[in-house]
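# Geometric and topological summary
Letter by letter, the chains look like this.
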Amino acid sequence: MAEIPITFAIPEHPDIFKPTAIRFSLLIVLDALALSVARERPELSSEYLRRVRASLTAYHGRTVPLPLGD
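Computed from a prediction, not measured in an experiment: that's the story for all the values here.

### Description of the overall build of the protein
Helix and strand counts for the protein stand at 2 helices and 0 strands. Out of the 70 residues in the protein, the part that is buried amounts to 6%. Accessible surface, the protein as shown: approximately 6700 Å² in total, 64% of it carbon and sulfur.

So, in structure tokens, the structure goes:
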């Protein structure tokens, strides 16, 4: 449940295989929410990011620093 709803309306492109503005908009909203939560709980967020990095390292075997995401 949310105390403050986050709403927005962006028209969808008719071609379902084309990345559209709504998809990018949703990613921006999710990134902003994740950043807000991470800043409120930095110790917990650091641990979660450490676990993600360890999982990615175990998956692809590389130990050099890589950007998360791409």
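The discussion continues.
### Brief notes about the environment of His 13
Position of His 13 relative to the elements: it lies in the segment before helix H1 (21-40). Those residues in contact with His 13, other than ones at most four positions away along the chain, are Lys 18 and Thr 20.

### Quick notes on the pattern of salt bridges
Tallied over the entire structure, the rule returns 2 salt bridges. Of the charged contacts in the structure, one is a salt bridge between Glu 47 and Arg 50, with a shortest N-O distance of 2.6 Å. In this pair, Glu 47 and Arg 50 are both assigned in helix H2 (residues 42-60), 3 residues apart and thus about one turn of the helix distant. The residue Arg 51 makes a salt bridge to Glu 47 at a minimum N-O spacing of 3.1 Å. Of this pair, Arg 51 and Glu 47 both sit in helix H2, 4 residues apart, which is roughly one turn of that helix. For Arg 51, a relative accessible area of 46% translates into the label partly exposed. Residue classification places Glu 47 among the partly exposed positions, given a relative accessible area of 28%. Overlapping salt bridges, with partners in common, bring together Glu 47, Arg 50 and Arg 51 in one network.

### Details of a nonpolar patch on the surface
A grouping of Ile 6, Phe 8, Leu 26, Leu 30 and Leu 33 is seen on the molecular surface, where their side chains present a nonpolar patch of about 450 Å² in accessible area. If you trace the backbone, Leu 33 turns up in helix H1. With a relative accessible area of 41%, Leu 33 lands in the partly exposed category.

### Observations concerning the side chain of Ser 25
Within the secondary structure, Ser 25 sits in helix H1. If we skip the residues at most four places from it in the chain, Ser 25 touches Phe 8 and Ile 10.

Rules behind the numbers
- Residues numbered from 1 in each chain as written.
- Predicted model: local features only at pLDDT ≥ 70, side-chain atom pairs only at ≥ 80, totals over all residues.
- Heavy atoms only, no water.
- Helix = DSSP H or I, 4+ residues; strand = E, 2+ residues; numbered from the N terminus.
- Buried < 20%, exposed > 50% of the residue type's maximum accessible area, 1.4 Å probe, protein only.
- Areas by Shrake-Rupley, 256 points an atom, 1.4 Å probe, with all protein chains shown as cover.
- Contact = heavy atoms within 4.5 Å.
- Salt bridge = Lys/Arg side-chain N within 4 Å of Asp/Glu carboxyl O.
- Patch = residues over 30% accessible without salt bridge, like charges linked within 9 Å, V, L, I, M, F, W, Y side chains within 5 Å.

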